[in-house]
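Structure assessment
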Amino acid sequence: MRRGVGSVEADRQGEWMVRLIPGGASAKPYRCPGCDQEIRPGTAHVVVWPADERGDLTDRRHWHTGCWRARDRRGPGILRSRNAPRYG
Ligand SMILES: [Zn+2]
């Protein structure tokens with residue numbers, strides 16, 4: 001896997017690393033936290049994880065691309081991390 005693929009997106013909940021997964025690159029199903037539906041193998045989607053936890057990728061989430069783009073319409077709390085945000 002190449003390094004440096006992806007981008008950082010910031011929203012009101014923080015900064016997220018977002019990596020685009022081409023349709024041919026996924027070999028197993030994932031559960032999308034945006035709609036709670038399965039992302040079927042072979043479906044292009046995105047992987048998102050907190051940008052401030054580069055050393056810990058256990059909190060990655062696989063999203064339908066459209067669900068990720070539309071997350072702001074779903075209200076707060078959808079992408080809550082297991083690790084509570086640290087303030088100050
Ligand atoms: Zn979805």
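Thresholds applied
Residues numbered from 1 in each chain as written. Predicted model: local features only at pLDDT ≥ 70, side-chain atom pairs only at ≥ 80, totals over all residues. Heavy atoms only, no water. Helix = DSSP H or I, 4+ residues; strand = E, 2+ residues; numbered from the N terminus. Buried < 20%, exposed > 50% of the residue type's maximum accessible area, 1.4 Å probe, protein only. Donors = N, O, S within 2.8 Å, 3.2 Å for Na, K, Ca; no water. Tetrahedral: all angles 85-135°; square planar, octahedral: opposite > 155°, others 65-115°. Pairing = 2+ DSSP bridges. Axes fitted to C-alpha atoms, helices over the stretch in contact; angles between N-to-C directions. pLDDT = per-residue confidence, 0-100. Polar contact = N/O pair within 3.5 Å; in protein donor to acceptor, adjacent residues only side chain to side chain.

1. A word on the environment of Pro33
With respect to the helices and strands, the residue Pro33 is situated in the loop between strand S3 (30–31) and strand S4 (38–39). Overall, the relative accessible area of 26% leaves Pro33 in the partly exposed class. Along the chain, Pro33 and Trp68 lie 35 residues apart, while their C-alpha atoms are 9.0 Å from each other.

2. A short note on the coordination of the zinc ion
Around the zinc ion, the protein contributes the donor atoms Cys32 (SG), Cys35 (SG), His64 (ND1) and Cys67 (SG), which lie 2.0 to 2.4 Å from the metal centre. Around the zinc ion sit four donor atoms, and with donor-metal-donor angles ranging over 103 to 119 degrees the site reads as tetrahedral. In the primary sequence, the donor residues of the zinc ion line up as C-x2-C-x28-H-x2-C. Residue Cys32 is located in the loop between S3 and S4, and its partner Cys67 is located in helix H1 (residues 65–69); the two are separated by 35 residues in the primary sequence. Judged by relative accessible area, Cys67 falls into the buried class, the value being 12%.

3. Let's talk about the sheet that holds strand S1 (residues 7–11)
Pairing within the open sheet is antiparallel, and its four strands lie in the order S1-S2-S5-S6. For this open sheet the edge positions go to S1 and strand S6 (61–64), each flanked by a neighbour on one side alone. Here the average twist between neighbouring strands, direction ignored, is 35 degrees. Here S1 runs beside strand S2 (residues 14–21); their pairing, made up of five bridges, is antiparallel. Counterpart to Ser7 in the pairing with S2 is Val18.

4. A short note on unusual backbone geometry
Backbone geometry places Asp36, a non-glycine residue, at a positive phi of 60 degrees. Mapped onto the elements of the fold, Asp36 is located in the loop between S3 and S4. With relative accessibility at 51%, the residue Asp36 sits in the exposed group.

5. A short note on the confidence of the model for the protein chain
Looking at the protein chain as a whole, the pLDDT averages 80, with 70% of positions reaching at least 70. Mean pLDDT across the secondary structure elements of the protein chain bottoms out at S1, with 88, and peaks at S4, with 96.

6. Some points on the side chain of His62
One can find His62 in strand S6. Relative accessible area serves as the criterion here: at 16%, His62 is assigned to the buried category. In terms of polar contacts, His62 uses its side chain to reach the side chain of His45, at 2.9 Å.

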